[in-house]
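# Coordinates in review
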Amino acid sequence: MSELADLWAKIEGAKDCKSLLKKYLTKELYEKYKDTKTSLGGTLADCIRSGCLNLDSGVGLYACDPEAYTVFKDLFDAVIKDYHKVPAVNHPQPDFGDINNLGFGDLDPDGKMIVSTRVRVGRSHNEFAFPPSIKSTEQRKQMEKNTLEALNTLEGELAGKYYSLETMTKDEQKQLIEDHFLFKDDDRFLRDAGGYSFWPEGRGIFHNPSKTFLVWINEEDHLRFISMQQGGDLATVYKRLVNAIQQLEKKLTFAKKDGYGYLTFCPTNLGTTLRASVHIKVPKLAAAGKLNALCAGLNLQPRGIHGEHTESEGGIYDVSNKRRLGLTEIEAIQEMRKGVQEIMKAELAL
Ligand SMILES: Nc1ncnc2c1ncn2[C@@H]1O[C@H](COP(=O)(O)OP(=O)(O)OP(=O)(O)O)[C@@H](O)[C@H]1O
Ligand SMILES: NC(=[NH2+])NCCC[C@H](N)C(=O)O
């Protein structure tokens, strides 16, 4: 049996599987796409491997490369519409808003509830495959090199240095992870999607001395741009990120598609690719079992303190916008801002 037929048999037989892949990969779509290849050589197996090997996936589908969104359109569109709750895949053009006139500042001026604030976006290079279809270390290294040429031209607050995972000590790596600056290598969904192949080659982190602006290279996405700092000053964090994006877009061209926005490896990140989060102390809401429902109603997503698939510690949660597609960057930030302010009100009322 071919690998694809084997993966298909696994998911077809998984009656209790609740992933979006299970919901939308019908026999008809499987037959339609089973022999299809992207121009970089990506296949349906590359897109569905993680979801078939991890039947508890929420989504279960990854793009093998930027072209997957076009080549396997019917499958991706169905998953995208369901995850992002949009009737059609019709993402607007980027709009970061008037960053000098945002109309909001620090969400927690007294510093009582918000421990830290972070906003990140993902960016991809059109000419490189995503992890399932990357066939050699050379591709990751080339991408790392092209990106560093651009990062090394950044000036002022954004200027920084690159730290390769290939040369970093285990202790340095551990400390950066504990301090919430660096990615880990223990996500089984990403592992089965090829995310850790040839690890740690071509991976690394660029950051400024104060670690308020950081770039992850060759983690889940080709690139992640991150702005973060202690406290609740969302406006400052967002402005810094937009400034970085605008500077880097002068040097690099990122994968983008009309109606889909910026293209990312995982369809959950598509569009604005923006996740704005606070680490927020909400012990009362959590103890009352009210946080999840409140977040759901506000289009927010609660996570644990060490990120996705982790637990809360001391009543502190990572709360962020859930929607990234079908709205502009500034709308996603405003949705997160309003939602976080509602959560703060609800915590104080208990
Ligand atoms: N507001 C925040 N303050 C401090 N650290 C944060 C904040 N939000 C997220 N982090 C940290 O960022 C790291 C990465 O988190 P996580 O993997 O959940 O999200 P991500 O980088 O946005 O990507 P993805 O959604 O693809 O998983 C973790 O260490 C997490 O604790
Ligand atoms: N980091 C991410 N892209 N997270 C979202 C999806 C993760 C995993 N593939 C799932 O389907 O549950």
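Residues numbered from 1 in each chain as written. Chains lettered and ligands numbered in written order. Predicted model: local features only at pLDDT ≥ 70, side-chain atom pairs only at ≥ 80, totals over all residues. Heavy atoms only, no water.

So, on to the packing of helix H1 (residues 3-13) against helix H4 (residues 44-53). One can describe the packing of H1 onto H4 by two numbers: an axis separation of 9 Å at closest approach and a directional angle of 40 degrees. Once H1 is placed against H4, the crossing between them reads as left-handed. Each of Glu 3, Leu 4, Leu 7, Lys 10 and Ile 11 in H1 lies in contact with H4, whose residues at this interface are Leu 44, Ala 45, Ile 48, Arg 49, Gly 51, Cys 52 and Leu 53. When grouped by side-chain class, the residues that make up the contact of H1 with H4 number 8 nonpolar, 1 polar and 3 charged. (Axes fitted to C-alpha atoms, helices over the stretch in contact; angles between N-to-C directions. Helix = DSSP H or I, 4+ residues; strand = E, 2+ residues; numbered from the N terminus. Left-handed = near helix turned anticlockwise from the far one by under 90°. Contact = heavy atoms within 4.5 Å. Nonpolar A, V, L, I, M, F, W, Y, C, P; charged D, E, K, R; others polar.)

A complete count under the given rule lists 11 aromatic pairs for this structure. Summarising the aromatic geometry, the rings of Tyr 33 and Phe 72 are spaced 5.4 Å apart at their centres and angled 85 degrees between planes, so their arrangement reads as edge-to-face. On the criterion of sequence distance, the pair formed by Tyr 33 in helix H3 (residues 27-33) and Phe 72 in the loop between helix H5 (68-71) and helix H6 (73-84) is long-range, its members being 39 residues apart. This pair shows no difference in class: Tyr 33 is buried, exactly as Phe 72 is. (Phe/Tyr/Trp six-rings, centres within 6.5 Å; stacked < 30°, edge-to-face > 60°. Buried < 20%, exposed > 50% of the residue type's maximum accessible area, 1.4 Å probe, protein only.)

By nearness alone, 20 residues border ligand 1, and Ser 116, Arg 120, Ser 277, Arg 303 and Glu 308 come closest of all. In this structure, Ser 116 approaches ligand 1 through a side-chain N or O atom, which is 2.6 Å from a nitrogen atom. About the coverage of ligand 1: the protein hides 93% of its 630 Å² of free accessible area. Put simply, the parts of the chain that give the shell around ligand 1 at least two residues each are strand S1 (114-123), strand S5 (223-230) and strand S8 (275-281). (Near = heavy atom within 4 Å. Polar contact = N/O pair within 3.5 Å; in protein donor to acceptor, adjacent residues only side chain to side chain. Areas by Shrake-Rupley, 256 points an atom, 1.4 Å probe, with all protein chains shown as cover.)

Moving on, we come to helix H10 (residues 234-249). Three- or four-residue spacings in an α-helix give side chains the same orientation, since the helix completes a turn every 3.6 residues. Between its first and last C-alpha atoms H10 spans 22 Å; for 16 residues at 1.5 Å apiece the expected length is 22 Å, and the two agree. Within H10, the full set of buried residues consists of Leu 234, Ala 235, Val 237, Tyr 238, Arg 240, Leu 241, Val 242, Ala 244, Ile 245 and Leu 248. Looking at the packing, one finds that the buried side of H10 touches S1, helix H7 (137-151), strand S4 (213-217), S5 and helix H13 (329-349). (Expected span 1.5 Å × (residues − 1).)

Here we come to the sheet that holds S1. Pairing within the open sheet is antiparallel, and its 8 strands lie in the order S2-S3-S4-S5-S1-S8-S10-S9. Taken across any chain shown, the strands that pair with only one partner, and hence form the sheet edges, are strand S2 (161-164) and strand S9 (300-303). Between one strand axis and the next, the sheet turns by 20 degrees as a mean value, whatever way the strands run. Pairing geometry for S1 and S8, over 6 bridges, is antiparallel. In the strand pairing of S8, Arg 118 is matched with Ser 277. Where H10 meets the sheet, its contacts fall on S1, S4 and S5, and the angle it forms with S5 comes to roughly 150 degrees. On the sheet, H13 packs against S1, S8, S9 and strand S10 (316-321) and is oriented at approximately 15 degrees with respect to S8. (Pairing = 2+ DSSP bridges.)

Bringing the site of ligand 2 into the picture now. Every residue lining ligand 2 is accounted for by Ser 57, Gly 58, Val 59, Gly 60, Tyr 62, Phe 189, Glu 220, Cys 266, Thr 268 and Glu 308. Gly 60 has a polar backbone atom sitting 2.8 Å from an oxygen atom of ligand 2. Coverage of ligand 2 by the protein amounts to 89% of the 340 Å² it exposes when considered alone.

What follows is about the UniProt feature "domain: Phosphagen kinase C-terminal" (unreviewed entry) in the chain. Mapped onto this numbering, the UniProt entry annotates "domain: Phosphagen kinase C-terminal" (unreviewed entry) at residues 113-350. Each end of residues 113-350 is marked by a C-alpha atom, and these two atoms are 14 Å apart; helix forms 33% of the span and strand 22%. (UniProt positions renumbered as here; feature names shortened; annotations may be inferred.)

Now for the environment of Val 89. Here Val 89 lies in the loop between H6 and S1. Non-local contacts of Val 89, meaning those with residues more than four positions away in its chain, are made with Asp 77, Ile 80, Lys 81, Gly 259 and Tyr 260.

Phe 213, Phe 225, Tyr 238, Ile 280 and Val 340 are the most contacted members of the largest nonpolar core, which has 54 residues in total. Of all the elements, H10 adds the most residues to this core, at 9 residues. Those residues in contact with Ile 280 that sit more than four places away from it in its chain are Met 113, Ile 114, Gly 315, Ile 316, Tyr 317, Val 319, Val 340, Ile 343 and Met 344. Grouped together as the second largest cluster of nonpolar side chains are 45 residues, Leu 4, Leu 7, Val 89 and Phe 265 included. (Core = buried A, V, L, I, M, F, W, Y, C linked by side-chain atoms within 4.5 Å.)

A full pass over the atoms with the stated rule returns 0 disulfides. For the unlinked cysteine Cys 47, the closest cysteine sulfur is that of Cys 64, found at 3.7 Å. (Disulfide = S-S within 2.5 Å.)

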